[in-house]
Amino acid sequence: MLLGVNIDHVATLRNARGGVEPDTIKAAEICELNGATSITTHLREDRRHIKDSDVRMLIRTLKTNLNLEMAVTDEMQKIALEIVPHSVCLVPEKRQEITTEGGLDVAAQIVKITDFAKPLISAGILVSLFIDPVDEQIKASAQTGVQFVEIHTGQYSEKFGTSQEEAEFLKIKKAVTLAKSLGLKVNAGHGLNYQNVHRMHEIPGLYELNIGHSIISRAVFVGLPQAVKEMKDLVK
């Protein structure tokens, strides 16, 4: 499996003081040098962490791939078509949420998402849909023409170490199998950390894991290079 590192919370720390430190671009460079195969950023509508200027600088400086998480809005589509990242991941977004709370309801908006994704795909951008491990959402995603889905691992991560862990894990494993059978490539992420990520090796066919908060948190104690290396070792 590959490791994508989300650097949003480097920007969260920077924005807490309104200055320029820590430098998000430098953080991305360190992640690349220590094994990240892609850099993920979520350009939220409220710009609470990553800013437009960060994204535009990353697209110019990254040696690996930029994965841009974004809501299904005209503004975000315009930005993606202008900068043309390697990939985009379409996610649900609420102003009041602390972090993304669940997957995109693709089944309820197949036509909208299909139409939204078409110009992105035509521009050569890989499009992924961030979805819960639910059959209905996987089947709907396959109808939109996108190349990837990213399975939301939040419930598994929350239940890890409890009596409910196995049930949540099996939902993910089943979802990956179904998605692959429908011709989709599959990533996974949300809440994965140094303790629970090892079980992803039990799921054949996962392409990339996108992990952010845990790595940035670990970096506070051991430094970002070491934090990325440790996670890279666990993922590979």
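Residues numbered from 1 in each chain as written. Predicted model: local features only at pLDDT ≥ 70, side-chain atom pairs only at ≥ 80, totals over all residues. Heavy atoms only, no water.

**Re the packing of helix α2 (residues 24–33) against helix α3 (residues 52–61)**
Operational definition: In this description, a line fitted to the C-alpha atoms serves as the axis of each element, helices being fitted only across the stretch in contact, and the angle between N-to-C directions of two axes falls anywhere from 0 to 180 degrees. Numbering of helices and strands starts at the N terminus; helices are DSSP runs of H or I of at least 4 residues and strands are runs of E of at least 2. Two helices cross in a left-handed way if the nearer one is turned anticlockwise from the farther one by less than a right angle. They cross in a right-handed way if the turn is clockwise. Any two residues having at least one pair of non-hydrogen atoms within 4.5 Å are treated as being in contact. Three residue categories are used. Nonpolar comprises Ala, Val, Leu, Ile, Met, Phe, Trp, Tyr, Cys and Pro, charged comprises Asp, Glu, Lys and Arg, and polar comprises the others, including Gly.
Put simply, α2 and α3 touch, their axes get as near as 10 Å, and they point 35° apart. Along this stretch, α2 crosses α3, giving a crossing that reads as right-handed. Judged by residue contacts, T24, I25 and A28 of α2 engage D54, M57, L58 and T61 from α3. Split into classes, the residues belonging to the contact of α2 with α3 amount to four nonpolar, two polar and one charged.

**Looking at a nonpolar patch on the surface**
The cut-off we apply is this: Surface patches are drawn from residues lacking salt bridges whose relative accessible area is over 30%; two like charges belong together within 9 Å, two nonpolar side chains (Val, Leu, Ile, Met, Phe, Trp, Tyr) within 5 Å. Areas reported here follow the Shrake-Rupley algorithm with a probe of radius 1.4 Å; residue values treat only the protein chains shown as occluding. Each salt bridge in this description consists of a side-chain nitrogen of Lys or Arg and a carboxyl oxygen of Asp or Glu lying within 4 Å of one another. For each residue, the accessible area found with a 1.4 Å probe, counting protein chains only, is set against the maximum for its type, and the residue is called buried under 20%, exposed over 50%, and partly exposed in between.
On the surface, V220, F221 and V222 cluster together into a nonpolar patch covering about 330 Å² of accessible area. Within the secondary structure, V220 is located in helix α9 (residues 213–222). The exposure class of V220 is exposed, given its relative accessible area of 64%.

**What to know about the environment of D132**
Heads up, the rule is: We define a polar contact as two N or O atoms separated by no more than 3.5 Å, with the added condition that, inside protein, one atom must be a possible hydrogen donor and the other a possible acceptor, whereas residues neighbouring each other in sequence contribute only through side-chain atom pairs.
Within the element layout of this structure, D132 appears in the loop between β5 (126–131) and α6 (135–143). Along the chain, D132 and F160 lie 28 residues apart, while their C-alpha atoms are 17 Å from each other. Among residues more than four places away in sequence, those in contact with D132 are G102, G103, Q137 and H152. There is a polar contact of 3.0 Å between the side chain of D132 and the backbone nitrogen of G103.

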